[in-house]
Amino acid sequence: MGLGRFGSIVFYCLIAFVTCAMAFRVRSVGNCTPQYGFQCSLQYKLHQTRESFYNRLLLIGIFSILVLCSALRFDIGNDYRQYTQTAHEAYVGGYVVTELGFNGIVKLIYSLFGTECYEAVFALFAFITIVIFLKAMVWQSVDFAQSYFLFMTLGLYFQTYNTIRYYLALAIALYAMRYVLRRDWIPFIFWILAAALFHKSVLLVLPVYWLASIPWKKIHIVIGLIFSALCYVGQKLILKIALVFYPSYRNTIYLEGGNNISSALRVAAVLALYIWFIYYTKKQEAKAAITISRSREIQFYGQLQLLAFAACTFFSFLPVVTRIAYYFSVSQVLLIPLLLSQVQEANIRKRVKMVVFAVYLINFGIFLWNAQQEGVGLLPYRSWLFTQERYIYK
């Protein structure tokens, strides 16, 4: 029994509304410097005041709602059934293309339960993925509520119902950005290698995040654009190289290209905001008010958006290139609150914030409206609590 398309859209909107309302009630506490106020309060003052305890309850509430809705789903997502079959093959020793991390978890859970309990596999992946996403936003964002709002309205949470291996790797990549900004490369490499146990595409961020952490000059951007254009011209050769690393995409529909216009437009909009902010700080002579660490952080996230835009355009011929672009564009949940916090004039900050929130709400509506399409498969919502149907393999 499912909720139907309309009922499922209402249900998803309710999840987003309730959890966002809870997120906006989370407040910074303690005596911290302005530029690190929220992060400082949650990291170091969490146990010291009543308000800190209230913050913790809110975060636990958000986490519980997200995990339960994800763990209780049945046949939701374009690859749910495929994952049940892949898990079966991994358990019985058949041929699978999934990485060691996924295969190991499946074998462990199936052995503990004494049966092929794929519901527990989906629940565990939901638990770990959401923990890491929330932890990344709590520890790394200047405004958790804004970051969480973007996380939901981008559809990132609901997309974790699909390709569970990939979104776990994406969450780890977002979390690992903190080490790039600190130039703490050993933990960064460790986390990315751990993520690669579940989706090897994340290895791409090892050189790319390092490259994005280096200040770019105009000549570097020009060289990058020329290189990207040459890759687009020589796409047949690039595609052959890509298939060496991903042979499972050979002779599939994915070779038709993995990009879509909406992904490119979303990245372009964030990139436009970043460029506007650079122009704004120069015009208002407000750059001096931005600390060196914040400037480096803004630059890193902004350059990642530029790389995401290049991936969505010049490299649109690659299979499921949107997944590659997400490793770069996911930083927008941290970049946008950071940019807004650095706008000095209250009126301008309020207007820009209203525009940003309106755009993301529209994006969320479009995302939900198209969530039933083939390749997405998020509607209608169904739960294994209310159905006797199961996928059984022999």
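Just so you know, these numbers come straight off a predicted model, no measurement behind them. (Residues numbered from 1 in each chain as written. Predicted model: local features only at pLDDT ≥ 70, side-chain atom pairs only at ≥ 80, totals over all residues. Heavy atoms only, no water.)

Section: a nonpolar patch on the surface
Rules: Patch membership needs two things, relative accessible area over 30% and no salt bridge, and members are linked within 9 Å if like-charged or within 5 Å if nonpolar (Val, Leu, Ile, Met, Phe, Trp, Tyr). Under the convention used here, a 1.4 Å probe and the Shrake-Rupley method define accessible areas, while residue burial counts only the protein chains that appear. Throughout this description, the term salt bridge denotes a Lys or Arg side-chain nitrogen within 4 Å of a carboxyl oxygen of Asp or Glu. Starting at the N terminus, helices and strands are each numbered in turn, a helix being any DSSP run of H or I of at least four residues and a strand any DSSP run of E of at least two.
On the surface, I219, V222, I223, I226 and L230 cluster together into a nonpolar patch covering about 480 Å² of accessible area. Note that I219 resides in helix α12 (residues 218–233).

Quick look at the confidence of the model for the chain
Put simply, the test is: pLDDT measures the predictor's confidence residue by residue and takes values from 0 up to 100. Note on contacts: a residue pair is in contact if any heavy atoms of the two residues lie within 4.5 Å.
Confidence along the chain averages 86 in pLDDT terms, with 87% of residues attaining 70 or more. When pLDDT is averaged over each element of the chain, helix α10 (residues 185–196) comes out on top at 97 and helix α2 (residues 37–44) at the bottom at 49. In this model residues 29–38 is a low-confidence stretch, pLDDT under 50, and it forms 25 contacts with partners more than four residues away in sequence or in other chains.

Looking at the packing of aromatic side chains
Note the following rule: Side-chain rings of Phe, Tyr and Trp (the six-membered ring for Trp) are treated as a pair once their centres are within 6.5 Å; stacked means planes under 30 degrees apart, edge-to-face means over 60, and tilted covers the remaining angles. Relative accessibility thresholds used throughout: buried, under 20% of the residue-type maximum; exposed, over 50%; partly exposed, between the two (1.4 Å probe, protein chains only). By the criterion adopted, a ring carries a charge over it if an Arg CZ or a Lys NZ lies within 6 Å of its centre and within 35 degrees of its normal.
For the structure on display, the rule yields 36 aromatic pairs. An angle of 90° between the planes, with centres 6.1 Å apart, marks the rings of Y80 and Y118 as edge-to-face. Of the two residues, Y80 sits in helix α4 (residues 80–92) while Y118 sits in helix α6 (residues 118–140), which places them 38 residues apart along the sequence. Across the pair, Y118 and Y80 agree in class, each one buried. Aromatic pair Y118 and F122: ring centres 6.4 Å apart, planes at 85°, arrangement edge-to-face. Taken together, the positions of Y118 and F122, both in helix α6 and 4 residues apart, correspond to about one turn of that helix. Side by side, Y118 and F122 carry an identical accessibility label, which is buried. An aromatic cluster is present here, built from F74, Y80, Y83, F102, Y118, F122, F125, F198 and Y391 joined pairwise through their rings. The ring centre of W369 lies 4.3 Å from the NZ or CZ of R5, which sits over that ring. The positively charged end of R323 is found above the aromatic ring belonging to Y166, 5.9 Å away from the centroid.

Quick look at helix α1 (residues 4–23)
Test applied: One fewer than the residue count of a helix, multiplied by 1.5 Å, yields its expected span.
Across its 20 residues, α1 extends 28 Å between first and last C-alpha, which sits within 8% of the 28 Å expected from 1.5 Å per residue. Residues of α1 that are buried: S8, I9, Y12, I15, A16, T19, C20, M22 and A23. Buried residues along α1 sit in contact with α3 (50–71), α7 (144–153), α8 (156–159) and α18 (346–369).

Observations concerning helix α17 (residues 332–341)
An α-helix turns once every 3.6 residues. As a result, residues three or four positions apart point the same way. The element α17 is extensively covered by neighbouring structure, given that 9 of its 10 residues are classed as buried. Among all positions of α17, only Q332, V333, L334, L335, I336, P337, L338, L339 and L340 are buried.

Notes on the environment of I130
Topologically, I130 is positioned in helix α6. For I130 and L66, which are 64 residues apart along the polypeptide, the C-alpha to C-alpha distance reads 7.5 Å. Not counting residues within four places of it along the chain, the set of residues in contact with I130 comprises F63, L66, V67 and Y157.

A few points about the pattern of salt bridges
Tallied over the entire structure, the rule returns 5 salt bridges. Salt-bridge contacts for D75 lead to R382; the nearest nitrogen and oxygen are separated by 3.7 Å. Within this pair, whereas D75 is found in the loop between α3 and α4, its partner R382 is found in the segment after α18, the two being separated by 307 residues in sequence. Residue R382 is classed as buried on the basis of its relative accessible area, which comes to 18%. Beyond isolated ion pairs, a larger network of salt bridges with shared partners links D75, R382 and E389.

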